[in-house]
Amino acid sequence: MNLPEQLPARSCIPLFAEARGDIELSFEFFPPKSDAMGETLWQSIQTLAPLRPRFVSVTYGAGGSTRERTHATVERILTETELTPAAHLTCVAASREEVDAVAREYWDLGVRHLVALRGDPPEAGARFEPHPEGYANAAELVAGLKQVAPFDVSVAAYPEMHPDSGSRAADLDNLKRKVDAGADRAITQFFFSADSFFRFQDDVAAAGIDIEIVPGILPVTNVATTRRFAGQCGAAIPDWLNQSFEGLDELPAARQLIAGTVAAELCGQLYAGGVRHFHFYTLNRAELSYAICHLLGVRAKA
């Protein structure tokens, strides 16, 4: 058998070979419902804190259902760590006076970062209806918060369009109103295609909207939960992702490995495309987010 003298050369540069740790991070947590969940949350915060994120956000339940727990979590982060907490605020089921009062409480506490969202109705699947004396949308909320105090305000963006938007143009117009109202950055809802993020960046630039767009990354370990989240924010779950988790209900370690692989590949593609800011939806679990940040070259600092 005659063998070729030399095999053709191939370029197989590893996805993270060029990662240098030159990125900025932020992490999202949700307020715990029990002492056990609180312990898990706090362990995750302590694990991720040495990565020196620029802020960590704490969510706000539908209809303000976690108001006290959100406030308590933000206060503990502020007083017991060196992290910068960002509290979520929404327009749902509250008057302007009530929302402004919460914002003033945060400012007096020492909180300087907020995440301003329209919010979801308390009943799943219900249509959003503004409070008769409240903020009608996120743009109004941003403007109101900026009048309360000079907060650093993040808002939401939707690479695959919010389900309540009638068109991509309407979705971009809504983002522009939030920017014009004073938003400092936009954090996207999660997505699973790097191309969808890059197309969204191009659309935002073409619409003349000048704001930092930070990709939101959700490492998926529970497809059913992810489907529920996706239905609320308009994210598409590709068939290949569903198929990747088939038959793994009783194999949590395998699910974890696949979740890490999928999220890491997405982040590697975004990094190769020039993205240097990442926001991780941790679901109060640190392992996957920490591992992906490590692949991107970020190392813990004392």
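Residues numbered from 1 in each chain as written. Predicted model: local features only at pLDDT ≥ 70, side-chain atom pairs only at ≥ 80, totals over all residues. Heavy atoms only, no water.

- In the nomenclature of an unreviewed UniProt entry, the chain corresponds to Methylenetetrahydrofolate reductase from the organism Sphingomonas sinipercae.
- The UniProt entry for the chain carries the following text under Catalytic activity (unreviewed entry): "(6S)-5-methyl-5,6,7,8-tetrahydrofolate + NAD(+) = (6R)-5,10-methylene-5,6,7,8-tetrahydrofolate + NADH + H(+)".
- Within the UniProt record for the chain, the comment given under Cofactor (unreviewed entry) is "FAD". (UniProt positions renumbered as here; feature names shortened; annotations may be inferred.)

Observations regarding the pairing of strand β3 (residues 85–90)
- The element β3 is largely enclosed, with a buried count of 6 among its 6 residues.
- Taken together, the 3 bridges between strand β2 (residues 55–58) and β3 define a ladder with parallel strand orientation. Bridge assignment links Val-56 to a residue of β3, and that residue is Pro-85.
- Examined bridge by bridge, β3 and strand β4 (residues 113–117) share 5 bridges and lie parallel to one another. Each bridged residue has a counterpart across the sheet, and for His-88 the counterpart in β4 is Val-115. (Buried < 20%, exposed > 50% of the residue type's maximum accessible area, 1.4 Å probe, protein only. Helix = DSSP H or I, 4+ residues; strand = E, 2+ residues; numbered from the N terminus. Pairing = 2+ DSSP bridges.)

Considering the pattern of salt bridges
- Inspection of the entire model under this criterion finds 13 salt bridges.
- Of the charged contacts, one joins Arg-76 and Glu-80 as a salt bridge, the two residues approaching to 3.1 Å between their closest N and O atoms. Placement of the pair is Arg-76 and Glu-80 together in helix α2 (residues 67–80), with a separation of 4 residues, close to one helical turn.
- Looking at Arg-76, the relative accessible area reads 34%, which means it is partly exposed.
- Among the ionic pairs, Asp-180 bridges to Lys-176, the shortest N-O distance being 3.0 Å. Here Asp-180 pairs with Lys-176, and both are found in helix α5 (residues 168–180), just 4 residues apart, close to one helical turn.
- Connected via shared salt-bridge partners are Glu-24, Arg-54, Asp-152, Arg-185 and Glu-212. (Salt bridge = Lys/Arg side-chain N within 4 Å of Asp/Glu carboxyl O.)

Brief notes about the packing of helix α3 (residues 96–109) against helix α4 (residues 138–148)
- Two elements in contact, α3 and α4, have axes separated by 10 Å at closest approach and are oriented at 50 degrees. Overall, the two elements α3 and α4 adopt an arrangement that is oblique. The two elements α3 and α4 cross, and the hand of that crossing is right-handed. Contact residues: α3 offers Arg-96, Val-99, Asp-100, Ala-103 and Arg-104, while α4 offers Glu-140, Leu-141, Gly-144, Leu-145 and Val-148.
- Among the residues making up the contact of α3 with α4, the classes are represented as 5 nonpolar, 1 polar and 4 charged. (Axes fitted to C-alpha atoms, helices over the stretch in contact; angles between N-to-C directions. Parallel < 35°, antiparallel > 145°, perpendicular 65-115°, else oblique. Left-handed = near helix turned anticlockwise from the far one by under 90°. Contact = heavy atoms within 4.5 Å. Nonpolar A, V, L, I, M, F, W, Y, C, P; charged D, E, K, R; others polar.)

A short note on helix α6 (residues 194–206)
- End to end, α6 covers 19 Å across 13 residues, agreeing with the expected 18 Å (1.5 Å per residue, within 8%).
- Of the residues making up α6, those classed as buried are Ala-194, Ser-196, Phe-197, Phe-200 and Val-204. End-on, the buried residues of α6 take up no more than an arc of 160 degrees, which puts them together on one face. The exposed residues of α6 that point more than 90 degrees off its buried face are Arg-199, Asp-202, Ala-205 and Ala-206.
- Contacts from the buried residues of α6 go to β5 (152–157), α5, β6 (185–190), β7 (212–217) and α9 (252–272).
- Within two residues after α6, Gly-208 carries a phi angle of roughly 75 degrees, on the positive side. (Expected span 1.5 Å × (residues − 1). Arc of directions from axis to C-beta.)

Quick look at the nonpolar core
- In terms of nonpolar packing, the biggest core is built from 67 residues, with Leu-25, Phe-27, Leu-175, Leu-270, Phe-278 and Phe-280 touching the most fellow members.
- For this core, the element with the highest residue contribution is α9, accounting for 6 residues.
- Those residues in contact with Phe-27, other than ones at most four positions away along the chain, are Leu-48, Leu-51, Pro-53, Phe-55, Val-56, Ser-57, His-279, Phe-280, Thr-282, Ser-289 and Cys-293.
- Counting residues in each nonpolar core, the second largest holds 23 residues, with Val-214, Val-220, Ala-230 and Ile-237 among its members. (Core = buried A, V, L, I, M, F, W, Y, C linked by side-chain atoms within 4.5 Å.)

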